Every structure is written in structure tokens, then in C-alpha cells.
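So the chains spell out like this:
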Amino acid sequence: MVSAVFHSPLEAAPAHVPIPSPAPGHGNSAMHSVAAAARPAMAEAQNASKNTAPDPGPSRVSRFMSGFWLAVLPPVLGIGLLVLIWEMVSAGTGKSIPSPLETFKQAVVLFSDPFYSKGPNDQGLGWNVLSSLQRVAMGFGMAAVVGIPVGFMIGRFNFLSRMFNPLISLLRPVSPLAWLPIGLLVFKGANPAAIWTIFICSIWPMIINTAVGVQRVPSDYMNVARVLNLSEWKIVTKILFPAVLPYMLTGVRLAVGTAWLVIVAAEMLTGGVGIGFWVWDEWNNLNVKNIIIAIFVIGIVGLVLEFALIKLATAFTFEDVKN
């Protein structure tokens, strides 16, 4: 029974400690034979422990190369697939759609002097992009000034939420271009009408996301504010604003994306200087290569705006802001 609980000293002895032989006249022959039989097994275990060194794992260089190829190879393959499909469509349509090489050559010509000006209706691509960005900034800025405070009030007060929810549900699905004739009628000009269209399409994401953020503030925060008898200004600035900031910036991102989409269509209808008018003018001249270049320019500008807002959101919030 004792042997079942306690291990033999032979089993507990370290592998590098030799087992002493029993002294003559005092040892037991059976014990001596057991020790002699255990020595080869212990030596074999010692050799095995030396041969099984820990696996160092992949080196730092191999990990860097693996991450590099994972970050670079998929986008390169995606762009290559786009160029391949583009080339096939160009060949299948008898070159009515310009090939990637022809479009690239035309892009080099356009970007060699993007800020030329030969009159109000003949300006470089750079001036048209800047004019569109200016309209987007003005309409988007006014939408932020109005939409974010309205979102705070709707989320903070249940009465205002019940009053404005039907109006938002009714007006939000309306196409932004449907508001353009109203802007032309009221403001009597193409440029303010385009800014009005940007304003009306940008305000809804800001109102909705800000209101949802206010409504999702933990009730414990508001209970602490009541106990401390904080003023409404302190509640907004010290409690609501930090908690709502991630939701608010998400609404800003959605609003900017929508505004950049709408301005192209609005400028096609109103004319003047802008990337949308430039696309429509190139279509009237049957210059398809410039239209394709404008598509890429619109996409790149939208991507830059999105990336800048993601960086802004990441800098001002403690949460990871996803695409």
C-alpha cells in the first residue's frame, strides 16, 4: 500500500545523478539488480531530453515576408484582374471602349497640366475636382452644423424623438436629385442649388447616427449626472459628447460618401465647373477615355476622403473604427 502512494527513490532521482551501488555486505542483491536495470533507461531518457530542443518557430524575416505578401499580393491580383477584364471588354467591343494602355496615355496628357484655364467652360481636371470639393465642403459643413445638434436633441428628449421620427422616415428615402429642382426654384442659381442638394442628402446620416448614439448611452451615466445635479450643458459636454463621438463620426463618414456621390449627378444637371459637368461635357464630345479617367479620379478622391475620416475617428476615439 505504501508503494502505491510514494514513488521509489530510483524514480525521483535526477537523470544526471548516478545511482550508488550498495556497499558490500550491507546491500540487497535484488535492489542492486533493479538499479542496474534502471540505468540504461535513465540514460536513454537523458539523451532524448537533449535531442528534443524547443522549436524556435518562424524567424522574424519569414514573418515579415509573409505579412508583406499578404498585404501586397491580393490588391495587386485584384487590380490585375480588373485590367484583364477591361482589356477583354475593349477587344470585344471593337475598341469602342478604350484599352487600358490608351487610357493611361491619355491620363499622362491630362495630368501633365491639370490646372490650365482657357475660359469658364474649358478648365483643367484639377480645377474641376477642386470646385466639386468646395461645393461638398460647404453643403456638408452646413449639414454638420444643423444635423449634429438636432441629433443630440432627438436622442436626448423622448418628445422630440416622437415628433421628428415620422418626418425623418418620410423624407430620408427621397432621392437627393429630387431636391435639386426645389433648390433651383428657391435659390435661382445652379451653384447654391447644388450646395442645397449636398446639404439635404448629408444631414440624415448625421441626425440618425447621433440620435442613436445618445439613446445608447448607459443609464448609469445619466443616473450619476442626476445625483450630482449636473446642468444640461455639463451633461452634454462631459457625458454625452464623449460617449456619442464614435456614432457621430460614423454618421460623418456616411454623409461625406453620400455627398461625394451626389455632387457628380447634381453637376451634370446644373453645369458650370465641376467634375460632374466635366464628365458630361466629355460625353458630349464623345471622349470616352476622359470619362474613364474621371471615373478613376472620382473613386480615388472618395477613397482619400474616407481614409482621412477613418484616421480622424481613430485619433479622437478609444474604439477601433472599422471600413
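Residues numbered from 1 in each chain as written. Predicted model: local features only at pLDDT ≥ 70, side-chain atom pairs only at ≥ 80, totals over all residues. Heavy atoms only, no water.

A look at the overall build of the protein chain
In terms of regular secondary structure, the protein chain is built from 13 helices and zero strands. Buried positions account for 33% of the 323 residues belonging to the protein chain. Within the protein chain, residue pairs in contact and separated by at least 24 positions form 66% of the contacts whose partners lie at least 6 positions apart. Roughly 20700 Å² of accessible area belongs to the protein chain as shown, and the carbon and sulfur atoms make up 70% of that amount. (Helix = DSSP H or I, 4+ residues; strand = E, 2+ residues; numbered from the N terminus. Buried < 20%, exposed > 50% of the residue type's maximum accessible area, 1.4 Å probe, protein only. Contact = heavy atoms within 4.5 Å. Areas by Shrake-Rupley, 256 points an atom, 1.4 Å probe, with all protein chains shown as cover.)

Observations concerning a nonpolar patch on the surface
Residues L81, L84, I85, M88 and V89 make up a contiguous nonpolar surface patch of roughly 480 Å² in combined accessible area. Relative to the assigned elements, L84 resides in helix 4 (residues 60–92). (Patch = residues over 30% accessible without salt bridge, like charges linked within 9 Å, V, L, I, M, F, W, Y side chains within 5 Å. Salt bridge = Lys/Arg side-chain N within 4 Å of Asp/Glu carboxyl O.)

A word on unusual backbone geometry
A positive phi angle, close to 60 degrees, is found at K188, a residue other than glycine. As for its placement among the helices and strands, K188 is situated in the loop between helix 8 (180–187) and helix 9 (190–215). A relative accessible area of 66% means that K188 is categorised as exposed.

A short note on the nonpolar core
The biggest cluster of nonpolar side chains holds 31 residues, and the ones touching the most others in it are F152, M206 and L240. Looking at this core, the elements that each hand over two or more residues are helix 6 (125–156), helix 9, helix 10 (219–227), helix 11 (232–270) and helix 13 (288–316). Here this core takes ten residues from helix 11, the largest share from any one element. The residues touching L240, leaving out its near neighbours within four places in the chain, are F152, R156, V214, V217, M222 and I235. Core analysis: the second largest hydrophobic core is formed by 23 residues, W260, V262, A294 and V301 among them. (Core = buried A, V, L, I, M, F, W, Y, C linked by side-chain atoms within 4.5 Å.)

Section: the packing of helix 10 against helix 11
Running from N to C, helix 10 and helix 11 cross one another at 150 degrees; their axes reach a closest spacing of 11 Å. Considering their axes alone, helix 10 and helix 11 lie roughly antiparallel with respect to each other. Handedness of the helix 10/helix 11 crossing: right-handed. Touching Y221, M222 and A225 of helix 10 are I235, I239 and L240, all from helix 11. Classifying every residue of the contact of helix 10 with helix 11 gives six nonpolar, no polar and no charged. (Axes fitted to C-alpha atoms, helices over the stretch in contact; angles between N-to-C directions. Parallel < 35°, antiparallel > 145°, perpendicular 65-115°, else oblique. Left-handed = near helix turned anticlockwise from the far one by under 90°. Nonpolar A, V, L, I, M, F, W, Y, C, P; charged D, E, K, R; others polar.)

Quick word on the side chain of E282
Mapped onto the elements of the fold, E282 is located in helix 12 (residues 275–284). Excluding residues that lie within four positions of it along the chain, E282 makes contacts with N287, N290 and I291.

Things to note about the packing of aromatic side chains
Tallied over the full model, the rule gives five aromatic pairs. Seen from their ring centres, W86 and F296 are 5.8 Å apart, and the 25 degrees between their planes marks the pair as stacked. Taken together, the positions of W86 in helix 4 and F296 in helix 13 put the pair 210 residues apart, joining distant regions of the chain. Counting every residue linked through ring pairs, the aromatic cluster contains W179, F187, W196 and F199. (Phe/Tyr/Trp six-rings, centres within 6.5 Å; stacked < 30°, edge-to-face > 60°.)

Let's talk about the packing of helix 6 against helix 12
Look at helix 6 against helix 12: their axes get within 7 Å of each other, and the N-to-C directions meet at 135 degrees. Here helix 6 is positioned oblique relative to helix 12, judged by the angle of their axes. Every residue of helix 12 that contacts helix 6 at L125, N128, V129 and S132 is listed here: I275, G276 and W278. Here the contact of helix 6 with helix 12 is composed, by residue class, of four nonpolar, three polar and no charged.

Overview of the confidence of the model for the protein chain
Taken residue by residue, the protein chain gives an average pLDDT of 79. The fraction at 70 or more is 79%. Confidence, read as mean pLDDT per element, is least for helix 1 (residues 2–5) in the protein chain (41) and greatest for helix 6 (92). Within the model, the stretch residues 1–32 combines pLDDT values under 50 with 17 contacts to residues more than four positions away or in other chains. Counting interchain partners and residues more than four positions distant, the pLDDT-below-50 stretch residues 319–323 has eight contacts. (pLDDT = per-residue confidence, 0-100.)

Details of the side chain of R135
Tracing the backbone shows R135 in helix 6. Polar contacts involving the side chain of R135 include one to the side chain of N191, which spans 2.6 Å. In this view, R135 contacts N191, A194, I195, I198, I263, E267, V273 and G274; residues no more than four positions away in its chain are not counted. (Polar contact = N/O pair within 3.5 Å; in protein donor to acceptor, adjacent residues only side chain to side chain.)

A few points about the pattern of salt bridges
Applying the stated criterion across every chain yields a total of three salt bridges. For R156, the salt bridge identified is with E232, shortest N-O distance 2.8 Å. Of the two residues, R156 sits in helix 6 while E232 sits in helix 11, which places them 76 residues apart along the sequence.

Let's talk about the environment of A211
Note that A211 resides in helix 9. The class for A211 is buried, based on a relative accessible area of 7%. Residues A211 and M153 lie 58 residues apart in sequence; the distance between their C-alpha atoms is 7.5 Å. Apart from residues no more than four positions distant in its own chain, A211 is found in contact with G151, I154 and G155.

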